[in-house]
Amino acid sequence: MTSAVPVALLFLGLLDATFSGFRAYAGRDARIRKHRATARAALRGLAVGAVVLLAPVLTASIVLLSAPDRAATYDTLSAGGLGYLLPLTAYAVAVLLSLAAYFLLPFRASTLAMVIGLGPLTLLRPLALAAACAGAFLGGGWPALLVGTVAGAAVLSVEPVVHRRWYQPAL
């Protein structure tokens, strides 16, 4: 396998982190024009995501460096990464379609897109990651499941970290 799978997974992870920053901020500001604040929130999510995604990279590196046959282990991790990528790609397409509707449609239709699209998809995010972990295990066994679980925990931690760091109300 080529390095396209890890690059695609990294891209999806950073994209998810950006949306996590947006979700941590969404609904916290009653201003109508809040594009700058929304962009800042997305960048905060991206920054946190770039840091926490070092955990699966480090895990994969340790698995590779400790393996007796690195080429076979890389192929195993790549196959597991492909299994991890497939459910997440389907989930990402659904999220991107909902986001496109949210940003491009008139106010009422974009509100409907938020309620019936982005809201439930946010709740389904852990299930999408569980399906990705199952795909990683089926494609690459235990080493791929380990890396996939660490990656899933990393991306699920972005939104709470951003929320606590920047958007926690002062007591």
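Because the structure is a prediction, the values reported are computed rather than measured.

### Examining the pattern of salt bridges
In step 1: Using the criterion set out here, one finds two salt bridges in the structure.
In step 2: Arg125 is the salt-bridge partner of Asp16, the closest N and O atoms lying 2.7 Å from each other. With Asp16 in helix 1 (residues 4–25) and Arg125 in helix 5 (residues 107–167), the pair connects residues that are 109 residues apart, well separated along the chain.
In step 3: Across the salt bridge formed by Arg23 and Glu159, the nearest N and O atoms sit 2.9 Å from each other. On the criterion of sequence distance, the pair formed by Arg23 in helix 1 and Glu159 in helix 5 is long-range, its members being 136 residues apart.

### Some words on the environment of Arg33
In step 1: Structurally, the position occupied by Arg33 is in the loop between helix 1 and helix 2 (35–52).
In step 2: On the accessibility criterion, Arg33 (72% relative accessible area) is exposed.
In step 3: Expressed as a C-alpha distance, the spacing of Arg33 and Leu146, which sit 113 residues apart in the sequence, is 43 Å.

### Some words on helix 5
In step 1: Its 61 residues place the ends of helix 5 only 25 Å apart at the C-alpha level, less than the 90 Å of an ideal helix rising 1.5 Å per residue.
In step 2: In helix 5, a bend of some 145° at Gly140 exceeds every other bend along the element, and Pro143, a proline, comes one to four places later.

### Focus: the packing of aromatic side chains
In step 1: Considering all chains together, one arrives at five aromatic pairs under this definition.
In step 2: Seen in terms of ring centroids, Phe22 and Phe103 are 6.4 Å apart; in terms of plane orientation they differ by 55°. Their pairing is tilted. Placement of the pair is Phe22 in helix 1 and Phe103 in helix 4 (residues 70–104), with a sequence separation of 81 residues.
In step 3: Using a relative accessible area of 14% as the deciding quantity, one classes Phe22 as buried.
In step 4: Taken together, a centroid distance of 5.4 Å and an interplanar angle of 50° make the contact between Tyr25 and Tyr167 tilted. Highlighted residues: Tyr25 in helix 1 and Tyr167 in helix 5, separated in sequence by 142 residues.

### Focus: the environment of Leu54
In step 1: Within the secondary structure layout, Leu54 lies in helix 3 (residues 54–65).
In step 2: When its relative accessible area of 53% is taken as the criterion, Leu54 is described as exposed.
In step 3: Between the C-alpha atom of Leu54 and that of His163, which follows or precedes it by 109 residues, the distance is 20 Å.

### Description of the nonpolar core
In step 1: By size, the foremost hydrophobic cluster in this structure holds 35 residues, and its most contacted members are Tyr84, Leu88, Val95, Val158, Val162 and Tyr167.
In step 2: Examining the composition of this core, we find that 15 residues originate from one element, helix 5, more than from any other.
In step 3: Excluding residues within four positions of it along the chain, Val95 makes contact with Phe19, Leu118 and Leu121.

About the cut-offs
- Per chain, the residues get numbers from 1 upward, laid out in the order the sequence is written.
- This being a predicted model, a pLDDT of at least 70 is required before a residue's local features are given, and a value of 80 or more before pairs of side-chain atoms are given or counted; all residues contribute to the totals for chains, interfaces and linings.
- In computing side-chain properties, one takes all heavy atoms of the structure into account and sets aside hydrogens as well as water.
- Here, a salt bridge means any Lys or Arg side-chain nitrogen found within 4 Å of an Asp or Glu carboxyl oxygen.
- In DSSP terms, a helix is any run of H or I states spanning at least four residues, a strand is any run of E spanning at least two, and both are numbered starting from the N terminus.
- Relative accessibility decides the category of a residue: with a 1.4 Å probe and only protein chains considered, values under 20% of the type maximum give buried, values over 50% give exposed, and everything between is partly exposed.
- Given a helix with a known number of residues, its expected span is that number minus one, times 1.5 Å.
- Bend at a given residue is defined as the angle between two axes, one fitted to the seven residues that end at that position and one fitted to the seven that begin there.
- Only the six-membered ring of Trp is used, alongside the rings of Phe and Tyr, when aromatic pairs are assigned; centres must lie within 6.5 Å, and planes under 30 degrees apart are stacked while those over 60 apart are edge-to-face, with the rest tilted.
- Each nonpolar core is a collection of buried residues, namely Ala, Val, Leu, Ile, Met, Phe, Trp, Tyr and Cys, held together in the definition by side-chain atoms within 4.5 Å.
- Contacts are residue-level and defined by heavy atoms, with any inter-residue pair within 4.5 Å sufficient.

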